[in-house]
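# Per-entry structural report
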Amino acid sequence: MKRHHLLIALATASFFIRAGCDESAEARWEAHRRTVMEEGGLPRAGRLAFTTTSLGSPTESALEYRLGEDGSLAGFRIIPVGGPERGLVVWTPGDGWEKTRGGAVRRLCPREHEEAGLTALFLSGAYLGLEPFSGPREEVLLNWGGAELRLTLEPDGLLAGAEAFLDGRIYSAVLGGPDDDAPHLPRTVSITPEGSPAFELARRGFTELSPDEVELSPPEPSGMVYDYSTGRTIPLRLAGGMLLAPVVIGGLELELALDTGAAMAYLRPEAARRLGLDPVGESVVVSLDGSATRHGVAVLDMLKIGPVTLEEQAVVIGEPSFLLALAAPFDGLVGYDLLARLPARLDVESGRLELLPPDKEPEVPPGAVVLPLKLPGRLPQLAGELDGAGGLDFILDTGSPLELFVLPKSASRLMAHSGAPLEEYT
């Protein structure tokens, strides 16, 4: 069987279907559907097992999905059960996209959103339920969530190639041919976001279900233990502009900087050597200035901080940005992975961090000002203005020794607004 080639970009939304497709393109599309489905219809629901390769290590996962009456993707959940990508991804039309990883429940960032949707689209066969709306003789155009998919088909229906673009994002995918046990599903899927490593997936089995058998429940937090008998307050030490918290990893006491701008936990190489940690894979870390570096990724059996114990915690092994390295001696960083799990109260003046139980809402002291935070990915953001220029988003970063750091793309906008020299915005 020849391999299908697909260049595609996606986002979630309802389908937009228009008429007027070229007869030749429509005939090729129908030939492709017959080739893949062997004249049969798509199962309305199913469960399948697959293996992905990410961070240099395999992850065993399960996918449960449900299709609507029109063949559209009505909901799915992906459950990694082993490997570095442990967690749970859920999508339902009402609740949106959520994921747990090492205990933190959060919304997916745009790239994860698109990659999860692309995976579910092809592993459920839902793309075969789309209707073409236009195209030249050799192409079929589909619309899935606003992304125009331009599929190139051979006269016999073989999917030879395609391309699509959405908001400047491009994904390249390679699909393996179907198996006899599930002719509507590809054997393999390789997804390559532009400029990033491929996300490899191999299907290992399929079971058809009734739609009522597929439960699309929200994820439950996992990988965290809260000790109600332990004090909630953690003393912080201020050193070099950093807030350092005592933690226990593998029986050793370390100091990690509390960094709300850290998307995941860090350990410096020397601390990793003391703990005897070996990387299980690699991760690309992108700094605020746009530079990208590769670091090893390890999985901790446990990380204890105050009343909280984090289990199977993924950490990056490497030196943080040069700004942090100059600030103070510390063993690493902890940020989003901890603070996204439970309510917390940070008192910088008195040097205290209070981690509240998962079922307790923090109390607002009299006279306090509450500012709403946005969490589009893994970094907390505040809306604000600077020198009269509004519509700006600021990352709340306790790990930055600078009072304000303006990204170059925003600095140009601020210069145009105020006429101030660039030096004032760096």
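Residues numbered from 1 in each chain as written. Predicted model: local features only at pLDDT ≥ 70, side-chain atom pairs only at ≥ 80, totals over all residues. Heavy atoms only, no water.

It is worth spelling out the overall build of the chain at this point. Regarding its fold elements, the chain presents six helices and 29 strands. Restricting to contacts in the chain with at least 6 residues of sequence separation, those with at least 24 account for 56%. (Helix = DSSP H or I, 4+ residues; strand = E, 2+ residues; numbered from the N terminus. Contact = heavy atoms within 4.5 Å.)

The subject of this paragraph is the pairing of strand 19 (residues 242-249). Counting buried positions along strand 19 gives six out of eight residues, so the element sits mostly inside the fold. Here strand 18 (residues 237-239) runs beside strand 19; their pairing, made up of three bridges, is antiparallel. Opposite R237, over in strand 19, you have L244 as the bridge partner. Pairing of strand 19 with strand 20 (residues 252-258), which is carried by six bridges, proceeds in the antiparallel orientation. Bridge pairing in strand 20 places I249 opposite L252. As consecutive antiparallel partners, strand 19 and strand 20 are separated by two residues, and within that stretch G250 has a phi angle of approximately 60°, a positive value. (Buried < 20%, exposed > 50% of the residue type's maximum accessible area, 1.4 Å probe, protein only. Pairing = 2+ DSSP bridges.)

Once that is clear, we can look at the sheet that holds strand 27 (residues 352-355). An order of 17-27-26 is seen for the three strands of this open sheet, with the pairing classed as antiparallel. Each edge of the open sheet carries a strand with a single partner, namely strand 17 (233-235) and strand 26 (344-347). Across the sheet, the axes of successive neighbouring strands diverge by a mean angle of 20°, strand direction being ignored. (Axes fitted to C-alpha atoms, helices over the stretch in contact; angles between N-to-C directions.)

We now examine helix 2 (residues 110-123). An ideal rise of 1.5 Å per residue puts 20 Å on 14 residues; helix 2 measures up with 20 Å between its terminal C-alpha atoms. Among the 14 residues in helix 2, eleven count as buried, and that is most of the element. G125 sits one or two positions beyond helix 2 and adopts a positive phi of about 75°. (Expected span 1.5 Å × (residues − 1).)

All right, on to the pattern of salt bridges then. This structure, assessed with the given rule, holds ten salt bridges. Among the ionic pairs, E60 bridges to R204, the shortest N-O distance being 2.9 Å. Of this pair, E60 sits in strand 3 (residues 57-67) while R204 sits in strand 15 (residues 199-209), and the two are 144 residues apart along the sequence. (Salt bridge = Lys/Arg side-chain N within 4 Å of Asp/Glu carboxyl O.)

Bringing the pairing of strand 11 (residues 171-175) into the picture now. The alternating pattern of strand 11 places Y171, A173 and L175 on a buried face and S172 and V174 on a face that is not buried. For strand 11 and strand 14 (residues 188-193), the ladder comprises five bridges, and the chain directions are antiparallel. Following the sheet pairing, V174 is matched in strand 14 by S190.

Taken as a whole and assessed by the stated rule, the structure comprises two aromatic pairs. Consider the rings of F122 and Y127, whose centres lie 4.8 Å apart with planes at 50°: the pair is tilted. When sorted by exposure, F122 lands in the same class as Y127, which is buried. (Phe/Tyr/Trp six-rings, centres within 6.5 Å; stacked < 30°, edge-to-face > 60°.)

Moving on, we get to the nonpolar core. A general trend in soluble globular proteins is that nonpolar side chains are found buried together. Judged by nonpolar contacts, the single largest core of 43 residues is most densely connected at W29, L63, L73 and F76. Examining the composition of this core, we find that six residues originate from one element, helix 2, more than from any other. With sequence-adjacent residues up to four places away left out, L63 is seen in contact with G46, R47, L48, F50, F76, R77, I78 and L123. (Core = buried A, V, L, I, M, F, W, Y, C linked by side-chain atoms within 4.5 Å.)

Here we take up the environment of P211. Summarising the element assignment, P211 is placed in the loop between strand 15 and strand 16 (224-226). You can call P211 partly exposed: its relative accessible area is 24%. The residues contacting P211, other than those within four sequence positions of it, are R44, A45 and R66.

Looking now at the confidence of the model for the chain. Per-residue confidence for the chain gives a mean pLDDT of 76; residues scoring 70 or more make up 74%. Mean pLDDT across the secondary structure elements of the chain bottoms out at strand 1 (residues 4-8), with 34, and peaks at strand 17, with 94. Segment residues 1-22 is flagged for pLDDT under 50; beyond a separation of four residues in sequence, or across chains, it makes 84 contacts in the model. (pLDDT = per-residue confidence, 0-100.)

What follows covers the environment of F122. Here F122 lies in helix 2. A sequence separation of 63 residues divides F122 from L185, and the C-alpha atoms of the two residues are 6.8 Å apart.

Before going further, it helps to spend a moment on the side chain of R33. Inspection of the secondary structure puts R33 in helix 1 (residues 23-37). The class of R33 is buried, set by a relative accessible area of 19%. At a separation of 3.0 Å, a polar atom in the side chain of R33 contacts the main-chain carbonyl oxygen of L128. (Polar contact = N/O pair within 3.5 Å; in protein donor to acceptor, adjacent residues only side chain to side chain.)

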